[in-house]
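Residues per chain, in single letters:
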Amino acid sequence: MEFLSRLILFYLLSEKGFVEGTERESLDVLEGEEVTLQCRFDPVAARTEVTLYWIRNNRDGSDNAAIGSTSLDSNYRVEKYPELGRYDLKIENTTYDRDNGNFKCMVKQGGTGTLLHIKKISLTVLLKPSPPRVIPSTPVSTEGTPVNLTCSSVGGSPPPQLRWYREGDSQLLESTMILGSTREDPSLSILTILPQKEDNGAVFRCTVWNRALGQRQKLEHKITLQVNYFPRVSIGPENPLRVEEGDTAVLMCQVDARPEVENVKWTREGRYIATTFRHVIPTVDRRDEGPYFCEADNQLGQTGKGELNLIVLHEPKISLERFKEVNAGEEVRIHCKVTANPHPVSFKWRRHDTPGFEQEGEYLNIKDISPQDSGVYSCSATNLIDPSGENTRRRTGNGTIELAVRHKPGVGFVQPSRPAGIEGKSITLTCGANPSGFPEPKFTWWKEGNPTQVLSTEASLTIRPIRMDSGGNYICKPYNELGDGTPVTWELNVEQEPRIVSGLQERILRKVGDTGLIMTCSGIGKPKPDVTWFKDGAPIDPSDSRMFSVTVSAQQSYPQTTTNVISSIRFTGSAREATDGIHPSDAGEYVCQFENNVGRAQSAVVLKVEHKPIVSHKHNKIAADPGEMAQIPCRMKAFPAPSFEWEWQNAAARSKVGFYEIPMRQIGDNEYESILRVSNVNPSFYGEFVCKAGNNMGSVRTVVNLVKKGRPESPSNLESTDTGPNSIVMSWVENFNGGLNNTMFKLQYRELGGSISDAKEIGCRTKNCKLSDLKQHTTYIVRSKAINPLGESNWSEQVSITTQIDVSQIPRAESLYFEISTKSISFKVNNYPLNLMGKIEVMTEEQSWTHLRSVSLKHHPYKFAVSSDIEFQNVRIRLCLESNDMLCGAYTEASVVDRIQEQALFSVDGESWLVAVIVGVLVTAVISLIVLAKFCHQRHSKNSSLLQKEDMSVSKPDLLHTSLSYDKITALSKEVDGITDNNLQRKIGENSSGGVGDSVNSQDSLWNVPGDEYRFKPSLDQMDRFDADYAHYPQPEEYLADLTTKYLTDPNGFNLVQPKGLQQDLKRFQGESSFNGFDHGQYFANGDQYAVPAKLRSNIQGLPLNGTLNREKNYYDHSDQSSQDTPKKVIREIIV
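Conventions and cut-offs
- Residues numbered from 1 in each chain as written.
- Predicted model: local features only at pLDDT ≥ 70, side-chain atom pairs only at ≥ 80, totals over all residues.
- Heavy atoms only, no water.
- Helix = DSSP H or I, 4+ residues; strand = E, 2+ residues; numbered from the N terminus.
- Buried < 20%, exposed > 50% of the residue type's maximum accessible area, 1.4 Å probe, protein only.
- Contact = heavy atoms within 4.5 Å.
- Areas by Shrake-Rupley, 256 points an atom, 1.4 Å probe, with all protein chains shown as cover.
- Polar contact = N/O pair within 3.5 Å; in protein donor to acceptor, adjacent residues only side chain to side chain.
- Pairing = 2+ DSSP bridges.
- Axes fitted to C-alpha atoms, helices over the stretch in contact; angles between N-to-C directions.
- Salt bridge = Lys/Arg side-chain N within 4 Å of Asp/Glu carboxyl O.
- pLDDT = per-residue confidence, 0-100.
- Phe/Tyr/Trp six-rings, centres within 6.5 Å; stacked < 30°, edge-to-face > 60°.
- Disulfide = S-S within 2.5 Å.
- Core = buried A, V, L, I, M, F, W, Y, C linked by side-chain atoms within 4.5 Å.
- Patch = residues over 30% accessible without salt bridge, like charges linked within 9 Å, V, L, I, M, F, W, Y side chains within 5 Å.

Participant: Could you clarify how one ought to interpret the overall build of the protein chain in this entry?
Facilitator: Within the protein chain, the regular secondary structure consists of twelve helices and 74 strands. Within the span of the protein chain, comprising 1136 residues, buried residues form 42% of the whole. Considering only residue pairs separated by 6 or more positions, the protein chain has 66% of its internal contacts joining residues 24 or more positions apart. When the accessible surface of the protein chain is split by element, carbon and sulfur atoms take 47% of a total near 61,100 Å².

Participant: Sorry if this is basic, but what is going on with the environment of Asp 99 here?
Facilitator: Assignment of secondary structure puts Asp 99 in helix 2 (residues 96-99). For the pair Asp 99 and Arg 59, spaced 40 residues apart in sequence, the C-alpha separation works out to 9.1 Å. Every residue in contact with Asp 99, bar those within four places of it in the chain, is listed here: Tyr 76, Ile 91, Asn 93, Thr 94, Leu 123 and Val 125. Side-chain polar atoms of Asp 99 contact the side chain of Arg 98, separated by 2.8 Å.

Participant: Is there a simple way to explain unusual backbone geometry in this structure?
Facilitator: If a residue is not glycine, its phi is most likely negative; likewise, a peptide bond is most likely trans. Residues Asn 434 and Pro 435 are joined by a peptide bond in cis, for which omega reads -5 degrees. By the secondary structure assignment, Pro 435 is in the loop between strand 37 (427-434) and strand 38 (442-447). For the bond running from Arg 464 to Pro 465, omega is -15 degrees, close enough to zero to count as cis. Its place among the elements puts Pro 465 in the loop between strand 39 (460-463) and strand 40 (472-480). You will see that Gln 299, though not glycine, has its phi angle at about 65 degrees, which is positive. Relative to the helices and strands, Gln 299 resides in the loop between strand 25 (290-296) and strand 26 (304-319). For Gln 299, a relative accessible area of 66% gives the class exposed. A positive phi angle, near 60 degrees, is found at Asn 650, a position not held by glycine. Mapped onto the secondary structure, Asn 650 falls in the loop between strand 53 (643-648) and strand 54 (651-652).

Participant: So what exactly am I meant to see when it comes to the sheet that holds strand 59 (residues 716-723) here?
Facilitator: Adjacent strands of a sheet pair through backbone hydrogen bonds, lying either parallel or antiparallel. Spatially, 59-60-63 is the arrangement adopted by the three strands of the open sheet, whose pairing is antiparallel. Since the sheet does not close on itself, it has two edges, and those belong to strand 59 and strand 63 (768-771), each with one partner. Across the sheet, the axes of successive neighbouring strands diverge by a mean angle of 30 degrees, strand direction being ignored. With four bridges connecting them, strand 60 (residues 728-733) and strand 63 associate as antiparallel partners. Note on strand 63: the bridge partner recorded for Ile 728 is Leu 771.

Participant: Just checking my understanding: could you explain the pattern of salt bridges for this structure?
Facilitator: Where side chains of opposite charge bring their charged atoms close, a pairing between them can arise. Taken as a whole and assessed by the stated rule, the structure comprises 54 salt bridges. Residue Arg 98 pairs with Asp 73 through a salt bridge whose shortest N-O separation is 3.7 Å. Of this pair, Arg 98 sits in helix 2 while Asp 73 sits in the loop between strand 5 (70-71) and strand 6 (76-81), placing them 25 residues apart in sequence. Three or more residues are tied together by salt bridges with common partners; here these are Glu 244, Asp 247, Glu 390, Arg 393 and Arg 395.

Participant: So what exactly am I meant to see when it comes to the confidence of the model for the protein chain here?
Facilitator: It should be kept in mind that the predicted coordinates are not to be read in detail where pLDDT is low. Residues with a pLDDT of 70 or more make up 78% of the protein chain, whose mean pLDDT is 79. Low pLDDT (under 50) marks residues 1-20, which in the prediction has 16 contacts with non-local residues, meaning those over four places away or in another chain. Counting interchain partners and residues more than four positions distant, the pLDDT-below-50 stretch residues 942-1136 has 288 contacts.

Participant: Would you mind showing me how to read the packing of aromatic side chains here?
Facilitator: Two aromatic rings are characterised by how far apart their centres lie and by the angle between their planes. Enumeration according to the criterion identifies 18 aromatic pairs in this entry. Ring geometry for Phe 323 against Phe 438: centres 5.7 Å apart, planes inclined by 45 degrees, an arrangement best described as tilted. Placement of Phe 323 in strand 27 (residues 323-327) and of Phe 438 in the loop between strand 37 and strand 38 is noted, with a sequence separation of 115 residues between them. Judged by relative accessible area, Phe 323 falls into the partly exposed class, the value being 37%.

Participant: For this particular structure, what's the right way to read the state of the cysteines?
Facilitator: Disulfides are covalent bonds that connect the sulfur atoms of two cysteines. On inspection of all chains with the given rule, the structure shows nine disulfides. Between the sulfur atoms of Cys 431 and its disulfide partner Cys 476 the distance amounts to 2.1 Å. Its S-S torsion of about -100 degrees marks the bond between Cys 431 and Cys 476 as left-handed, since a negative value means left-handed. With Cys 431 in strand 37 and Cys 476 in strand 40, the pair connects residues that are 45 residues apart, well separated along the chain. Judged by relative accessible area, which is 5%, Cys 431 ranks as buried. Disulfide pairing places Cys 764 opposite Cys 769 at an S-S distance of 1.7 Å.

Participant: Please clarify how the sheet that holds strand 24 (residues 278-281) should be interpreted in this entry.
Facilitator: Ordered by their spatial adjacency, three strands build an open sheet running 19-21-24, and the pairing between neighbours is antiparallel. The open sheet has two edge strands, strand 19 (232-236) and strand 24, and neither has a second partner. When the angles between neighbouring strand axes are averaged without regard to direction, this sheet yields 15 degrees. As defined by bridge partners, strand 21 (residues 249-256) adjoins strand 24 across four bridges and the pair is classed as antiparallel. Residue pairing across strands places Ala 249 opposite Ile 281, the latter belonging to strand 24.

Participant: Any chance you could explain the side chain of Thr 563 here in plain terms?
Facilitator: Mapped onto the secondary structure, Thr 563 falls in strand 48 (residues 563-570). Judged by its relative accessible area of 8%, Thr 563 falls in the buried class. Excluding its chain neighbours within four sequence positions, the residues that come into contact with Thr 563 are Gly 523, Ile 524, Gly 525, Lys 528, Pro 529, Ala 554, Gln 555 and Gln 556.

Participant: For this particular structure, what's the right way to read the nonpolar core?
Facilitator: The nonpolar side chains of a soluble globular protein tend to be buried with one another. With 26 residues, the main nonpolar core has Leu 37, Trp 54, Tyr 87, Leu 89, Ile 91, Phe 103 and Leu 123 as its most contacted residues. Secondary structure elements with two or more residues in this core: strand 1 (23-30), strand 2 (35-37), strand 3 (50-58), strand 4 (61-67), strand 6, strand 7 (86-91), strand 8 (101-109) and strand 9 (115-126). Residue contributions to this core peak at four residues, all from strand 9. Core analysis: the next-biggest nonpolar cluster, separate from the first, contains 24 residues, Ala 813, Phe 818, Phe 872 and Leu 881 among them.

Participant: Explain a nonpolar patch on the surface here, please?
Facilitator: On the surface, Val 923, Ile 927 and Val 931 cluster together into a nonpolar patch covering about 280 Å² of accessible area. For Val 931, a relative accessible area of 56% corresponds to the exposed category.

Participant: How should the environment of Ala 890 be read in this particular structure?
Facilitator: By the secondary structure assignment, Ala 890 is in the loop between strand 72 (872-881) and strand 73 (892-893). Sequence-wise, Ala 890 and Ile 877 are 13 residues apart; in three dimensions their C-alpha atoms are separated by 8.5 Å. When near neighbours in sequence (up to four residues on either side) are disregarded, Ala 890 contacts Arg 812, Ile 877 and Arg 878.

Participant: What is the right way to look at the pairing of strand 70 (residues 849-856) in this model?
Facilitator: Looking along a regular strand, one sees the side chains alternate between the two faces of the sheet. In the sheet, strand 69 (residues 836-844) pairs with strand 70 via seven bridges, with the strands oriented antiparallel. Following the sheet pairing, Glu 841 is matched in strand 70 by His 851. From the end of strand 69 to the start of strand 70, which pair antiparallel, there are four residues, and Gln 847 there has a positive phi angle of about 60 degrees.

Right under this line is the structure:
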């Protein structure tokens, strides 16, 4: 069919005699490969002659490639089959120079030359292009100036496509393309860019591709464009920049430019001010406010410029008149003129002498002004300043104005209000008026009885000098142009400083034993002076007649009303060897002093007492080691001066080789010292050295022992010099130090009743030492010892010192209510170790608190009636120590209610419904426990015979506080074994959390016991001193197991090895009361985990809880922990 169609087509064409169209084709071939150029036409009959040939047109021109069956190149081969309509040219080993071009196949009719068929083939010998190259390779441009980037590639066939892209963007950039005509000619793509700042650093990519590279291969080249751009200026740190006046302003100029700028130009109001990027104004004031310009230039022809507006914030500055004069009855309106940035948010007017006066607003308004409105008024304006980058600040400015209301003076007054003039001195009286009067008043002074003699026309009257007859009434009258004020009368009382009328002689000499010595002096003064005698600066107590007898007599003189005082001191008394004999200790300075509220006067005498020497050195020991030098001192007090002699081994010491007496020297008032020097101590020298001293009154001898250096002697006179709530400062007298000066001291202290093993110790280098971290109101036992490198002394005598009370620890009353219906108050108090009392005060209608009554807090509940004859608005109370009601805690003000709701004590914010829910849950739990207990009771009855056989079985309560671990109970048992009655009391003192009689809060849990190793355990002889109410606790038979009860009542019924001391405790217990008859409320400890007698409980606590009895170790079996009485206990506990 195909052949037939071709034949018909050929026939039609041949009939027409021409070719209607030209067939075209394009082929690609890689250089060196083979390609066949096909030429297809209608088959030609064998009888028809045709001419076939191929024509080649390449870079060298046009020529024949093949004619008929003949190829004109050795690499060409022709396949000629006209009868089949095929005339193909096959090219082997293609080359670009020869084969790249256009080939044309032509078929002509023989003879006529009629063109039967023509086919044109464009043959492209594919050559890969060279990698692209961009000029310039490192382009640098200027903002706004066009720049050309030229990308070229050589050697490609067909000529390559060159395209431009911006890195990161797939969009093709528009460029100018110039294709190379041959493979030697480069192909070009020119990209024109108008650069901007944003183009700086941009990466541009040129890609090269032709068909020789295939679809997946491309060649590319990247370049980075550097753009020099004009300066961009930004101003900060904020714009506008808000700065408070007086602060530092920092103006920042940030410049973005390429190339960078090294400096900038700051200008303000057209003036150049700085070149730094950071311009600082150290102290800003309001003149600095306004715009600031920063300009930068990087020489590209265009500068950058930024403007910053500086806003100066400042507090209000108020402008008021200093003084304003107005007439009484006028209306006054004063404007508070203010400059501030920002504008004030509030204005307030106040009056200086009237704390309650206050007006708001810019204007002060006073209607119908009166003299009482005169005064200084201040306006305060407040604004809110919010500097840039800082918190908002509140600033206030103030201004004052004085208002003067024209009026005549009021009632006169004189200052000082209660004056007293002193004879010989001066006094100034100042007159004024209330109201003062305006214009400023004038004054007239005169003395009563002589009005015509004007003493002064000024406000002040000075009396100089004051005489005794200057006393009397002085009158001052104020007045001004508007009228006279009310005169004021003022009385001057003249007083007189004490003067010595008859003084003491300068010096008195007496001998020991002299009698009848009397010293007398007299003085005068107004008011009557008091007389005091001093000896060596210390006052002599006239009521102490053991050494002296002091007499005083007084006589008043008229009309000056001065008083003459005569005083004598007699050297007599019961403490003297002879009733009125002079004693050596009487020597010294005696002063007779007269003193009143005006001044004092003194007269002194020195009493010299002749007496024989008296030993005054502190120690009769001196220490030195063999080979050392020893200086043996001997000190004596004597008058007149004594002479000294030294003896050793019944011979004069100065006659011995190596002994030397240093000349006597005076070391104090009538005190002298002699030193015997031993140049080289020999062990044989140790012993007694006799010091003799004598004068015309007699002689005395004393022994000084030379000993080898050793440990010091114990300190003495241990005492407290300062005591606080938590500290004690101790001091003592240092005794013989053993011959060494580097003595230290050790203090040991413990609480009263504590054991030595619990004592603490601290070291001290001085004779004053502070004990810190002590308990308040606690007695401590303190003792000391001295220590040197050769040993320690014995302990000193111990002293007991009690710390003070820390008032800050006194509790406040809590839940304080004042019940209007019953006029009573009720409150609670937390536990406190000391007895307290309460001071109740009421607030009167005058808004002042008045003491009403004091109440004792020994008994609950704390509810007291508040009945008063005065009307009051509220009640408050503070707690004080019963022993010292000056030591009190802070006040608590009552909440006023009509009636106290009891359930409110158990609710929070009135949510009593929550309490009801909790109680309901607890009741349900109790019912469940009752059912369970009945079941356990049945099992307990079945096993009762077994329990009787197990004679060491003891039940324990079901509820055991979590703080009572087995380890603590075991440790406590070991401690109890060694406790006697005495140290039991000590343990009570150490570990008691409250004193006997402490109140018990009825809301505390029965099992709420502290986790301390010791709880307060009173001994039997203390029980009758209990006065607390324990009625809310369960009776012991309600929660002690049967066997425990039997054990407590009849311990002999149990065959067990009892803990040490337990039998004695039981006997004491049985001897003092029977189990069923004694007072349980007093006997059983408050809040204890078992509520059994203190000492018995201590022994029982020592037993383990986890096994059967070991007879040797005194253990009990607690395997059966049930108790038929447990439900009672639980119910009672919940109700409590």
